[in-house]
Each structure stands twice: as C-alpha cells, then as structure tokens.
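# Residue-level structural notes
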Amino acid sequence: MSEIIRVEHLKKYFLFKEGIFSRRVKYLKAVNDVSFSINRGETLALVGETGSGKTTTGRTILRLYEPTGGKIFFEGKEITNIPKREFKKIRVQMQMIYQDPYSSLNPRMNIFNIIAEPLRELKYEDIEDRVLELLESVGLRKEHMFKYPDEISGGQQQRVAIARALGVNPKFLVLDEPTSALDVSVQAQILNLLENLQKERGFTYLFISHDLSVVRYISQRVAIMYLGKIMEIGTVEQVFENPQHPYTKLLLESVPVPDPKDRKRRKKLILPGEIPSPLNPPSGCPFHTRCPVAKEICREKEPEYVEVEKGHFVKCHFPG
Amino acid sequence: MKKDEIIKVLKIMIRNKLSLLGIVIILALIIIALLAPFIAPYPEQAKGEPNLEEKLLPPSSKHWFGTDYMGRDVLSRVIYGARISLLVAVAVVGLGLLIGVPLGLLAGYKGGWIDAIVMRTTDIFLSFPPLLLALLISVTLGRGLENAIIALGVSWWPWYTRLIRGMAISLKEKPYVEVARSMGVSSWKIIVRHILPNAISPVIVQGTMDMGSAILEASALSFLGLGVQPPTADWGLMVSQGKDYLLNYWWYPTFPGLAIFITVVAFNLVGDTLREILDPRLRRRFL
Amino acid sequence: MNVLLSIEDLYLNFTTFWGTAYVLNGINLQIYEDEVFGLVGETGCGKSVTSMSILKLLPSNAHLSGKIIFEGRNLLELSENDMKKIRGKKISMIFQDPMSSLNPLFKIKTQMVDVMKLHHNISKDEALKMARELLEAVKLPDPQRVLESYPHQLSGGMRQRVMIALALSFNPSLLIADEPTTALDVTIQKQILELILELKEKYHFSVLLITHDLGVVAETCDRVGVMYAGNMVEIADVEELFENPLHPYTQGLLSAIPDPRYKKPLKPLRGNVPSLLNPPPGCRFHPRCDYMKPICEKEKPELIEYSKNHYVACHLYGGKRNE
C-alpha cells in the first residue's frame with residue numbers, strides 16, 4: 001500500500017497575550033508533536049475530546065493554519081513550506097468537508113452555481129451535465145439543482161458539499177465531524193455515502209470525530225488524541241478491542257452503548273475530572289492528572305511510543 | 001438577493017404599519033417628483049418666475065401653502081423641491097457606495113498594506129465632523145447642486161468602507177470562502193460572488209437611512225448658501241430664505257421644513273425595518 | 001407504581017408568518033414515580049416543546065390543548081401564579097446550555113444564595129450553607145472555589161452540575177433534563193448521567209430525559225417514548241424497546257445507529273423529517289415507511305397497548321384504541 005499523507009512531528013502553536021497590557025505571551029500548543037501517515041484508500045480517524053487538537057491537526061495539514069514545526073508530505077512530496085502559488089495546484093487535490101454543512105455553502109448561491117463554480121475548465125454546455133452527474137453520485141436529483149441551501153435539509157446540504165468536492169477530483173479528504181450536526185437517521189445516509197464513494201473512487205479520508213461509535217463504523221485506523229498529542233494509534237480492531245492506554249480505555253468505557261442489556265454487564269468506570277487547559281498542560285505525561293494508574297515517573301517524564309503489536313503504538317509508561 | 005426573498009421582505013415590510021407608512025411616503029414622493037409639472041398649480045413660479053403682486057400671502061384656497069417673498073406659490077415649490085431632494089438622496093448615497101463598497105471589500109478581503117492604506121484614509125476623512133468636511137469640499141469646488149452632491153458623497157464613503165470591510169473580514173473566514181479558495185477560485189471571483197452578496201445587506205440598510213441624512217445635509221449646505229442656488233426650488237434653500245420671515249409669515253419656512261422632516265422620517269422607517277428583517281438576530285420575531 | 005405526570009391528548013400549534021405549524025399532534029404519555037423516562041426523537045419531533053408545555057413556558061403564538069395532570073391537577077388550567085409554585089420547585093428543569101440559565105455577571109454564590117433566600121425564607125448564612133451542601137451533593141470537588149467563581153470560569157460539566165444543584169434545591173418530584181449532555185464530551189457526559197441517576201436514587205424524584213441519543217437512553221432510562229414529527233409513536237420499557245421495536249420508525253432508528261462495540265452495517269431511513277407547516281396526512285411517517293398501506297395516508301393511527309406496557313401507534317398493529 002502506498003502512503004498518501006505523512007506528517008512528522010507536526011506542531012501548531014497559537015500565541016496568546018497574558019493580559020491586555022502584558023507583554024508576556026503564552027503558547028497554546030494545540031498540536032504538539034504529532035506524527036502519522038495514511039495509506040491510499042484508507043480512513044484514519046482522529047478522535048479526541050474538546051481541546052484535544054484534532055481539528056487543528058486537520059486544518060494544519062491543509063495549511064489552513066501555517067504549521068509551527070514539523071513536516072507534511074503529500075504523495076511523497078514535502079508541502080510544508082512550498083510557496084503558495086505552487087501549493088495551490090496540490091491543494092485542489094485535498095478537500096475538506098465541514099461539520100456545519102450550511103456554513104460551507106454560500107447562502108446566496110443556488111445548488112447549481114455552488115457545484116459548478118470550480119468546474120471552470122469545462123465548456124458551458126458540459127457544465128450542466130457534469131453538475132447533474134455529481135448531484136446523482138451523491139443521491140440528489142435534478143429538482144434540487146436550482147434550490148438554495150436554506151431550502152434543503154441538513155443532510156442534503158452535506159451531500160451538496162460532498163458533490164462540490166467531487167467536482168475537483170480530490171485524492172484526500174479531511175472530514176471534520178461531517179455528521180455530528182445531523183440527525184441519526186440522516187447520519188447513516190451520509191456515512192454510507194462516504195463509504196461508497198471511497199470504494200468507488202479510492203479516496204483517502206482523515207475523519208475527525210468525537211463520536212467513537214461513528215469512528216468504529218467508518219475507519220480502518222484510529223488515533224486517539226489528548227491535549228495535542230496522539231496517545232494511541234492502531235487499527236480499529238487493535239484500539240477498540242485491545243486498548244492499551246488508560247485514557248483510551250476510559251474513553252471507550254464512557255461511550256454510551258445502544259443496548260440496555262449491556263448496562264448491567266459493564267463496570268461503572270468513570271473518567272474523573274476534566275481535560276486540563278491546553279494553555280497550562282501538565283508536565284510529563286499530559287494524562288497523568290486523571291490517570292488511575294499514574295506513578296511518580298508519569299509526572300516527570302513524557303513517555304515514548306511503545307509498539308505493543310504491529311502498527312499499534314501507545315504513548316504510556318505502563319501500557320496494557 | 002433571491003427573487004422570492006425580496007418578495008418575502010416586501011411582504012413583511014408591508015405588514016408592518018410603520019414601514020408601510022415609510023414606503024407609501026417615499027412612493028408618493030417619487031410620484032410627486034415625476035409628475036411635478038402636471039400637479040404643481042404654478043409650475044412657472046416653481047421654476048423661479050416672480051409674482052410680486054401676491055407677496056407673502058397666508059395659506060388660502062388659491063395658494064394652499066401660501067406664497068413666499070417673491071409671491072411664488074410655496075406648494076408648487078415644495079413639489080418641485082421633491083425632485084431635487086430625491087436626486088440628492090440617490091446621488092449622494094450612490095456616490096458614497098460607488099467609492100466605499102469596492103474599497104471596503106478590497107481592504108477587508110485582502111488585508112495587509114491595502115487594508116492599512118484604505119483604513120488610514122478613512123481615518124483622515126472621519127476625523128472631520130461630517131458636515132464640516134462637506135462644507136470644506138463644497139467651498140473648494142464652488143457653489144451648485146453637482147458640487148454639493150460630490151462634496152457630500154466624498155465625505156460619506158468612509159462609513160460604507162468601514163461597514164463592508166468588517167463584514168468582509170468575518171466572511172472571509174467562512175467555510176464556503178475557504179472551500180472556494182482551496183478549489184482555486186480567483187480572489188476577484190470570491191469577492192464578487194461570495195463576499196459582496198453576503199456583505200451587502202447592512203450597507204443597503206445604512207444607505208436607505210442615509211438617504212434621509214443626505215437630504216438633511218444637502219439642505220444644510222443650501223441653507224448656508226453653498227449647494228443649490230436660487231431661484232431653484234429646494235427645501236433647504238426655502239427654509240434658509242424663509243427663516244427671517246418665520247415670526248410673521250410662518251408658512252414660508254414651515255412647509256418646506258415639514259417636507260424635509262417627513263422625508264427623512266420615511267427613509268428612516270424603511271431603513272429601520274429593513275435592518276430588522278435582514279439582521280438574522282432580529283429576524284426571528286417575524287417568523 | 002403511581003403515576004406522577006400524565007399527558008393526555010396534547011395538541012400544540014404555533015401560528016407563524018408562513019402558516020400554522022402543527023407541532024404536537026395528540027401526545028399521550030405517563031411518567032411514574034421514581035422512574036427515568038426517556039423521550040427520544042430527531043430534530044422537530046416535538047420532544048423539547050413537550051417539556052416546555054409541561055412547564056407552560058411557551059411563546060405567545062403557541063396554542064395548547066389537552067390535559068397535563070400533575071399531582072391531581074391539570075396544569076393547563078392553572079393560573080400563572082400557581083404555575084410559579086410548581087415551576088422550578090415541584091418540577092425543575094436543566095438545559096443543554098447551562099450558560100443560558102446563569103447570569104454571567106454574578107458569582108455562582110450570589111446567584112445560588114439569591115434563589116435560596118427568596119424561596120426558602122432563610123438568612124444569608126443559612127442560604128450559603130445550603131448552597132455549599134448542594135454543591136457537595138452534586139460532587140463538585142471544591143465547592144468553596146465554585147461558589148466564588150463566575151460562570152465563565154467553570155467548565156461546561158461544572159456548570160451543568162451547578163444547574164443540577166439549583167434544580168434540586170426544592171426537592172422536586174420531577175426533573176426535566178433537556179439534552180443535558182449534548183454539549184459535553186463523552187467522558188463528562190458519563191459523569192453527569194451517572195450523577196443524575198445517583199441523585200435520583202437518593203432523593204427519589206422522577207426524571208424526564210429528553211435526548212436524541214439512543215445510546216444515552218439505553219444506558220440511563222427505565223422506559224422510553226419515541227416521538228416522530230409531533231406524534232408519540234411508541235412507548236415501552238427500555239429493554240423491550242431495543243429488543244423488540246414495533247414501530248417501523250423505531251426499527252429504522254435502531255438500525256441506523258452505529259455501535260461502538262463492533263462494526264455493523266447501517267441501514268439509514270429514507271428521506272427527511274417532514275415540515276410541520278405541512279405535515280403528511282394520516283400517519284406522518286408514511287412517506288418514509290417501507291410497510292405503508294393505503295390506510296396510512298388517510299388515518300392517523302392511535303397509540304394502543306399492543307402487548308403489556310408496550311404501546312405503539314401504527315396501522316400494522318391495528319391502530320385502533322382498544323380500551
């Protein structure tokens with residue numbers, strides 16, 4: 001399998017002034033030394049709670065934020081610092097689908113114009129055919145073509161956003177919580193659509209989500225993020241069935257299971273406390289403040305990645 | 001704007017009594033201005049022909065609004081004055097928009113040094129009290145209606161620039177703009193297709209309200225002897241000339257003054273309702 | 001078990017600029033003492049307005065008819081003054097966004113003490129003591145620090161705990177929780193849900209939990225009502241509902257949600273939730289239903305007890321009331 005995206009030691013810090021009059025600045029280390037790669041046709045899920053840096057990671061890969069450090073490779077070519085003009089050609093092959101479909105569609109343009117906009121190279125007569133073809137490939141019909149975004153449902157808006165992205169033949173898509181604003185019945189429609197498109201066209205997805213049930217369904221590999229760092233990464237089976245990091249275990253334990261019989265079987269394990277402020281991250285292992293098995297060393301020294309099985313890495317002093 | 005959206009906005013505006021009043025007044029003014037030669041009882045006097053036998057007569061069945069110090073029918077002159085006032089309103093705001101909107105879009109979307117230059121220029125303009133700046137330009141350019149319009153338009157555009165720049169800055173962060181950029185759509189097309197149509201609503205509102213103020217300020221210029229020159233029928237000029245007669249011949253300045261007042265209020269009523277409809281936070285109460 | 005709250009044939013319309021929205025179309029449901037009743041459904045199904053109807057917190061363009069019996073009285077017939085004695089005291093409510101119920105300008109202390117003093121007729125010191133005890137009851141780690149904080153200094157989970165503390169200060173017999181954890185992370189969601197269950201055991205109140213998340217329902221509720229486009233389509237014990245769903249909509253919903261334990265194929269429901277301005281005639285679900293019969297387009301199915309304690313409103317199961 002060939003690699004399409006690779007990030008090495010990616011960092012994105014945001015600068016914050018401590019007060020209005022203060023000259024002292026603080027760094028919010030939203031993404032703090034993140035490395036991973038995604039193979040062609042694969043879905044890697046980035047999972048984490050609020051403030052884990054998952055969305056920032058996705059946006060930094062697309063250079064919607066300029067990276068503070070580290071390297072980004074797209075199809076083997078480093079794109080971290082290449083000039084804007086050169087990057088433009090590559091950027092078209094990397095598209096993003098947003099959490100709120102409505103905000104990703106210009107409310108003053110109809111669906112036809114939204115989808116047709118990037119199809120500049122086509123002749124006018126061909127554009128209509130192409131738009132129709134794109135609409136049909138996401139399960140919409142001709143009758144939707146001249147409607148405006150606020151006249152269609154959230155699920156249909158997301159389909160339009162996907163159709164627009166298909167129009168430029170991307171290779172890599174960053175899906176930023178693409179279904180979390182949608183109703184459950186519609187969520188399944190979009191997930192199936194994304195999965196089918198991937199099969200047909202060999203897309204590579206970076207799927208950003210906080211919903212572990214959805215991640216379990218859509219992705220082949222998963223990375224668990226906490227305070228700007230990847231705590232555990234592996235295939236879905238490895239991470240979900242054999243979680244090694246205490247954070248992953250507690251996170252999985254917190255996910256509600258749609259099966260009331262499971263309620264009695266499960267231990268009542270609750271992850272205590274709350275995620276610390278990324279402006280003031282804990283020393284050593286970032287998770288040690290909430291970790292049930294933390295020892296002295298966790299406070300002092302940041303753990304290295306341990307490969308517990310092939311392709312399954314954990315950043316913990318005491319995995320398992 | 002979409003067609004059915006315009007219809008929806010119009011429907012709401014007509015349903016609202018105050019804005020309906022504003023619309024009716026403005027429509028009436030436009031009709032009066034267009035048909036002035038046919039409805040004014042003494043069109044020749046409105047254009048300036050003196051009628052010295054009937055100097056300063058109080059309102060009567062022959063002269064509903066009385067006559068002025070040259071014996072001219074005040075009603076006819078007020079009717080003809082509507083032409084000047086509406087012309088001033090549209091021209092001043094139009095000129096302001098023409099300069100202000102493109103500059104604001106460019107400054108907001110492009111940022112950087114373009115933004116810095118445009119914004120410092122607006123700062124210079126805005127550091128003058130508005131009327132004073134118009135007065136200065138007017139004095140430099142000389143008297144006359146055209147010069148008054150240019151003076152007001154030029155002192156007006158920075159407001160639109162600021163308004164639309166702020167909108168452009170927030171809009172360029174929108175996902176749909178991000179997507180367009182990522183797909184290689186040119187800056188020019190992004191500004192025209194994505195930024196302008198979504199940024200224009202508050203400017204339309206402001207422009208509508210400003211039409212009233214433009215009339216008021218043009219009147220002020222006329223009042224000070226800049227702007228429109230006699231014997232043209234202009235409300236501001238009539239108030240200016242009539243102010244010395246106020247105590248004994250109240251009708252002379254009162255009716256043109258009232259015309260100014262009503263017009264300004266009408267534009268404000270319409271602008272206010274437009275603002276409420278187009279502002280998504282206030283819109284809900286109409287739903 | 002005794003019935004605490006009973007909603008009978010509740011209809012709710014909103015007059016809007018674009019016409020009348022038929023938001024609730026004859027809702028029936030009973031909440032028993034000491035139970036957690038889950039109300040699930042998608043956007044626009046009417047689950048939140050049902051709870052707002054119970055408290056009569058509806059905008060002026062709302063028209064409500066039917067009966068809401070609480071402690072032997074029909075709430076719809078009560079005056080605003082009588083409602084004030086029920087609202088926040090016998091029936092408390094917590095919302096998705098606790099920030100909207102807290103004043104950002106005052107410390108938690110001030111806000112809590114004001115509420116306690118006003119309604120319990122006690123001195124400031126007693127009120128403060130009571131506030132501290134309540135914050136301890138909701139397991140806030142450092143009550144003193146929370147009391148001295150402004151709302152924005154607390155995290156979402158902590159704010160929700162403060163809201164629960166306030167809601168409990170009058171020993172309510174019913175706690176309405178409207179998507180209480182939707183804005184929170186899963187780990188915090190788990191904490192809050194477990195807290196609500198623990199407090200319920202301790203203080204013996206009933207909970208009406210409104211949510212769109214069937215996982216949350218499965219983990220916390222005793223009985224469930226499924227709503228669709230202003231109708232109650234199914235009510236059952238939670239295990240029965242998940243094991244033996246009767247209504248095609250419930251079945252569709254259950255097969256459309258992913259399971260965190262394994263990858264199962266998802267079968268999405270066709271189409272979209274209908275507009276309430278112009279709802280489909282008959283059974284409002286029929287345009288999306290795979291088992292549609294001619295009668296479904298014409299007649300609204302009644303909620304019937306198909307098997308013991310399992311109610312369904314669907315023509316597949318008769319659909320005529322057999323009382």
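One structure accompanies this document, and this report is about it.

What counts and what doesn't
- Residues numbered from 1 in each chain as written.
- Chains lettered and ligands numbered in written order.
- Predicted model: local features only at pLDDT ≥ 70, side-chain atom pairs only at ≥ 80, totals over all residues.
- Heavy atoms only, no water.
- Helix = DSSP H or I, 4+ residues; strand = E, 2+ residues; numbered from the N terminus.
- Rg over C-alpha atoms; globule rule 2.2 N^0.38 Å.
- Buried < 20%, exposed > 50% of the residue type's maximum accessible area, 1.4 Å probe, protein only.
- Contact = heavy atoms within 4.5 Å.
- 1 Å grid on protein atoms, 1.4 Å probe; cavity = no way out; pocket = protein on both sides within 12 Å on 5 of 7 lines; lining within 4 Å.
- Points joined across faces, edges and corners; volume = space filled by probe spheres on them.
- Expected span 1.5 Å × (residues − 1).
- Pairing = 2+ DSSP bridges.
- Axes fitted to C-alpha atoms, helices over the stretch in contact; angles between N-to-C directions.
- Parallel < 35°, antiparallel > 145°, perpendicular 65-115°, else oblique.
- Left-handed = near helix turned anticlockwise from the far one by under 90°.
- Nonpolar A, V, L, I, M, F, W, Y, C, P; charged D, E, K, R; others polar.
- Phe/Tyr/Trp six-rings, centres within 6.5 Å; stacked < 30°, edge-to-face > 60°.
- Lys NZ or Arg CZ within 6 Å of the ring centre and 35° of its normal.
- Patch = residues over 30% accessible without salt bridge, like charges linked within 9 Å, V, L, I, M, F, W, Y side chains within 5 Å.
- Areas by Shrake-Rupley, 256 points an atom, 1.4 Å probe, with all protein chains shown as cover.
- Salt bridge = Lys/Arg side-chain N within 4 Å of Asp/Glu carboxyl O.
- Lys, Arg positive; Asp, Glu negative; His and termini not counted.
- Charge placed at Lys NZ, Arg CZ, Asp CG, Glu CD.
- Buried area = accessible area lost by both parts, 1.4 Å probe.
- Polar contact = N/O pair within 3.5 Å; in protein donor to acceptor, adjacent residues only side chain to side chain.

### A short note on the overall build of chain C
Each helix and strand in chain C was counted, giving eleven helices and twelve strands. Over its C-alpha atoms chain C spans a radius of gyration of 21 Å, differing by no more than 12% from the 20 Å that the globule rule assigns to 323 residues. Within chain C, the proportion of its 323 residues that are buried is 55%. Considering only intrachain contacts with a sequence separation of at least 6, the fraction spanning at least 24 residues in chain C is 62%.

### Overview of empty space enclosed by the protein
All names here are of chain C. According to the stated counting rule, one finds eight cavities of 30 Å³ or more in the structure shown. Roughly 90 Å³ of internal volume is contained in the largest cavity. Lining the largest cavity are 14 residues, with Cys283, Cys289, Cys296, Cys314 and His315 positioned closest to its centre.

### What to know about helix H6 (residues 156–168) of chain C
Residue and element names in this part refer to chain C. The terminal C-alpha atoms of H6 lie 18 Å apart, and with 13 residues this matches the ideal 18 Å at 1.5 Å per residue to within 8%. Most of H6 sits inside the fold, with twelve of its 13 residues counted as buried. Taken together, the buried positions of H6 are Gly157, Met158, Arg159, Gln160, Arg161, Val162, Met163, Ile164, Ala165, Leu166, Ala167 and Leu168. Contacts made by the buried residues of H6 are with strand S6 (91–94), helix H3 (108–120), helix H4 (124–137), helix H5 (143–147), strand S7 (174–178) and helix H7 (186–203).

### Some words on the sheet that holds strand S12 (residues 310–312) of chain C
All names here are of chain C. Within the open sheet, the eight strands sit side by side as S6-S7-S8-S3-S9-S10-S12-S11. Their pairing is mixed. Of all the strands in the sheet, just S6 and strand S11 (304–307) have a single pairing partner and so form its edges. Neighbour-to-neighbour, the strand axes of the sheet open up by a mean angle of 20 degrees, direction not taken into account. As paired strands, strand S3 (residues 36–40) and strand S8 (residues 206–211) are joined by five bridges and run parallel to one another. Bridge pairing in S8 links Val40 to Thr211. Across the sheet, helix H1 (residues 47–54) lies against S3, S6, S7, S8 and strand S9 (223–228), angled at about 145 degrees from S8, the strand it touches most.

### Side note on the packing of helix H8 (residues 145–171) of chain B against helix H10 (residues 187–223) of chain B
Residues and elements named next belong to chain B. Relative orientation of the contacting elements H8 and H10 amounts to 155 degrees, with a least axis distance of 10 Å. By the angle between their directions, the pair H8 and H10 is classed as roughly antiparallel. The way H8 lies across H10 gives a crossing that is right-handed. Taken together, the residues of the contact of H8 with H10 break down into 18 nonpolar, four polar and two charged.

### Overview of the sheet that holds strand S4 (residues 62–70) of chain C
Residue and element names in this part refer to chain C. Judged by pairing direction, the sheet is antiparallel, and its four strands sit side by side in the order S2-S1-S4-S5 without closing on themselves. Bordering the open sheet on either side are strand S2 (19–32) and strand S5 (73–74), each of which pairs with just one other strand. Judged from the two bridges that link them, S4 and S5 form a sheet pairing that is antiparallel. Across the sheet, Ile69 pairs through a bridge with Asn74, a residue of S5. Packed on one face of the sheet, H1 meets strand S1 (3–16), S2 and S4 and runs near 110 degrees to S1.

### Let's talk about the packing of aromatic side chains
Tallied over the full model, the rule gives 18 aromatic pairs over all chains. Connected via pairs of aromatic rings, a cluster forms that spans Phe65(B), Tyr245(B), Tyr249(B), Trp250(B), Trp251(B), Tyr252(B) and Phe255(B). Against the face of Tyr305(A) rests Lys315(A), its NZ or CZ located 4.7 Å from the ring centre. Sitting over the ring of Phe170(C), Lys89(C) keeps its end group 5.7 Å from the ring centre.

### A few points about a negative patch on the surface
On the surface, a cluster of negative charge is contributed by Glu125(A), Asp126(A), Glu128(A) and Asp129(A). Looking at where Asp129(A) falls in the secondary structure, it is placed in helix H4 (residues 124–137).

### Observations concerning the pattern of salt bridges
All names here are of chain B. One pass over the structure, following the stated rule, counts 37 salt bridges over all chains. For Asp115, the salt bridge identified is with Arg165, shortest N-O distance 2.6 Å. Residue Asp115 is found in helix H6 (residues 112–126), and its partner Arg165 is found in helix H8; the two are separated by 50 residues along the sequence. Judged by its relative accessible area of 21%, Arg165 is partly exposed.

### Topic: the side chain of Asp210(B)
Looking at where Asp210(B) falls in the secondary structure, it is placed in helix H10. Those residues in contact with Asp210(B), other than ones at most four positions away along the chain, are Val93(B), Trp156(B) and Tyr160(B).

### Observations regarding the packing of helix H2 (residues 17–34) of chain B against helix H5 (residues 74–110) of chain B
Residues and elements named next belong to chain B. Viewed as axis vectors pointing N to C, H2 and H5 meet at an angle of 110 degrees, and their least axial separation amounts to 8 Å. One element, H2, and the other, H5, form an angle in the roughly perpendicular class. Helix-helix and strand crossings are classified by hand; for H2 and H5 the assignment is left-handed. Along the contact surface, H2 presents Leu29, Ile30, Ile32, Ala33 and Leu34, while H5 presents Ile79, Ala82, Arg83 and Leu86. Of the residues in the contact of H2 with H5, the class split is eight nonpolar, no polar and one charged.

### Quick notes on the interface of chain C and chain A
Taken together, the contact between chain C and chain A spans 46 residues of the former and 43 residues of the latter. Summed over both partners, the interface of chain C with chain A comes to about 3800 Å²; 54% of that surface belongs to carbon and sulfur atoms. The largest share of the area that chain C buries against chain A comes from Glu219(C), Pro260(C) and Arg261(C), three residues that together contribute 17% of it. The tally of links between chain C and chain A comes to four salt bridges. Where chain C packs against chain A, one counts 19 residue pairs in polar contact (both at pLDDT 80 or more). Elements with a contribution of two residues or more to the side of chain C that touches chain A: H6, H7, helix H8 (214–220), helix H9 (238–243) and helix H10 (248–256) of chain C.

### Considerations on the side chain of Asn32(A)
All names here are of chain A. Locating Asn32 in the fold gives a position in strand S2 (residues 25–39). Here the side chain of Asn32 touches Tyr13 through a polar contact of 3.3 Å, side chain to side chain. Not counting residues within four places of it along the chain, the set of residues in contact with Asn32 comprises Leu10, Lys11, Tyr13, Gly228 and Lys229.

### Re unusual backbone geometry
Residue and element names in this part refer to chain C. Phi is positive for Glu71, which is not a glycine, with a value near 50 degrees. The phi torsion at Ala229 lies on the positive side, around 45 degrees, for a residue other than glycine. Its location among the elements puts Ala229 in the loop between S9 and strand S10 (231–237).

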